[in-house]
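Fold and contact review
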Amino acid sequence: MRSKSNLLICMLFPSLFSCHNETTTIQNKTASSAMRSTPVYPFTAKSSLNWRPGDENSAALVLDCLKKYVNGDIKGCTDYFADTAEFISDRFYLRGGRDSLRSIIADMRGASDKVSKNFDTWLIRYYPDQDETKVTLWYTEIMTDHKGKTDSIYYTDDVTIKNGKILVYDEKQRQFPDAIAK
């Protein structure tokens with residue numbers, strides 16, 4: 001019985017090492033070939049494709065801004081924006097100063113008694129040719145109006161940051177379908 005278990009161990013031991021080496025080789029080949037070849041894209045991108053991972057502090061800046069919004073601190077929220085910034089939303093565009101932005105954001109937040117945000121994830125990218133950082137956020141916002149009615153919207157926001165301030169806040173939304181009646 002003992003010799004059978006020793007035989008089994010002797011047979012498995014080399015195969016464990018060979019699997020490990022093969023996986024490493026495949027990973028190395030994939031990583032090195034991805035770095036060398038760029039595909040020919042069927043479309044041209046409007047924005048730069050030259051990016052690298054960005055500074056995590058940029059995500060913290062945007063998340064702090066949104067936390068102030070959730071808490072109803074509109075001045076604190078808009079202090080994260082540049083002196084002149086853009087806010088883009090569904091059928092809405094504003095390019096203006098912080099006071100104009102503060103008024104718009106106050107109206108948006110004032111429509112809800114309570115607001116919460118549940119984040120799926122975020123991604124930070126730095127574009128060296130523009131010296132800008134972009135933070136993309138994916139999350140659900142849950143709002144309760146002053147009459148107690150609750151609704152939610154799924155957002156994908158692209159936020160452009162330069163010199164520690166928000167230059168562009170581009171908000172895209174997807175509304176959830178109505179619940180199916182049982």
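Details of the structure are given in the entry above.
This section reports on the structure supplied with the text. Computed from a predicted model, the values in this text were never measured in an experiment.

The next thing to look at is the layout of surface pockets. The space that makes up the largest pocket amounts to roughly 450 Å³. In this structure, the largest pocket is lined by 26 residues; those nearest its centre are Y69, M108, E141, Y155 and E171. At the level of secondary structure, the elements contributing two or more residues to the lining of the largest pocket comprise α2 (56–70), β2 (81–89), α4 (98–110), β5 (132–144), β6 (150–162) and β7 (165–175). For the lining of the largest pocket, the class distribution of residues is 15 nonpolar, 5 polar and 6 charged. Counted as a void, the second largest pocket has a volume near 200 Å³. Looking at the second largest pocket, the residues that line it are S47, I88, R125, Y127, K134, D158, V159, T160, V168, D170 and K172. When residues of the lining of the second largest pocket are traced back to their parent elements, those giving at least two are β4 (114–127), β6 and β7. Within the lining of the second largest pocket, the residues separate by chemical class into 4 nonpolar, 2 polar and 5 charged.

Turning our attention to unusual backbone geometry. Despite not being glycine, D131 shows a phi value in the positive range, around 50°. By the secondary structure assignment, D131 is in the loop between β4 and β5. Even without being a glycine, N163 presents a positive backbone phi close to 55°. Note on placement: N163 falls in the loop between β6 and β7. By relative accessible area, which is 71% here, N163 ends up exposed.

What follows deals with the side chain of S58. Position of S58 among the secondary structure elements: in helix α2. Relative accessible area serves as the criterion here: at 11%, S58 is assigned to the buried category. When sequence neighbours within four positions are dropped, the list of residues in contact with S58 reads I124, T133, V135 and I161.

Read from one edge to the other, the open sheet built from 7 strands follows the order β1-β4-β5-β6-β7-β2-β3, with strand pairing classed as mixed. Both outer strands of the open sheet, β1 (52–53) and β3 (92–97), are each paired with one neighbouring strand and no more. Both β5 and β6 contribute to a ladder of 12 bridges, which runs antiparallel. Paired with E141 across the strands is I153, a residue of β6.

With that settled, consider the packing of aromatic side chains. Summed over all chains, the structure comprises 7 aromatic pairs. Their ring planes at 45° and their centres at 6.4 Å tell us that F81 and Y169 sit as a pair that is tilted. Taken together, the residues F81 in strand β2 and Y169 in strand β7 connect sequence positions 88 residues apart. For the pair formed by F81 and Y169, the shared burial category is buried. By way of ring pairs, the aromatic residues F81, F87, F92 and Y169 are connected into one cluster. When the ring centre of Y155 is taken as reference, the NZ or CZ atom of K117 above it lies at 5.8 Å.

Both β2 and β7 contribute to a ladder of 4 bridges, which runs parallel. Note on β7: the bridge partner recorded for F81 is I166. With 10 bridges joining them, β6 and β7 adopt antiparallel strand pairing. When the sheet's bridge partners are listed, K162 is paired in β7 with K165.

Quick notes on the rules
- Within each chain, residues carry numbers counting from 1 in the order of the written sequence.
- Side-chain atom pairs in this predicted model are given and counted only at pLDDT of 80 or more, local residue features only at pLDDT of at least 70, and totals for whole chains, interfaces and linings cover all residues.
- Heavy atoms throughout the structure, all of them, feed into the side-chain values; hydrogens and water do not.
- Using protein atoms alone on a 1 Å grid, points that fit a 1.4 Å probe yet trap it form a cavity, whereas open point sets bounded by protein on both sides within 12 Å along at least five of seven lines form a pocket; residues with an atom within 4 Å of a point count as lining.
- Grid points are joined across faces, edges and corners, and a volume is the space filled by probe spheres set on the points.
- Think of it this way: any DSSP run of H or I at least four residues long counts as a helix, any run of E at least two long counts as a strand, and we number them from the N terminus.
- Each residue is assigned to one class: nonpolar for Ala, Val, Leu, Ile, Met, Phe, Trp, Tyr, Cys and Pro, charged for Asp, Glu, Lys and Arg, and polar for all the others, Gly among them.
- Burial classes: relative accessible area under 20% of the type maximum marks a residue as buried, over 50% as exposed, and values in between as partly exposed (1.4 Å probe, protein chains only).
- By the convention used here, residues are in contact when the closest approach between their heavy atoms is within 4.5 Å.
- Paired strands, as defined in this entry, are two strands with at least two bridges between them according to DSSP.
- Ring pairs shown here join Phe, Tyr and Trp side chains whose ring centres sit within 6.5 Å, with only the six-membered ring taken for Trp; geometry is labelled stacked below 30 degrees between planes, edge-to-face above 60, and tilted in between.
- Over a ring means this: the NZ of a Lys or the CZ of an Arg is within 6 Å of the ring centre and within 35 degrees of the ring normal.

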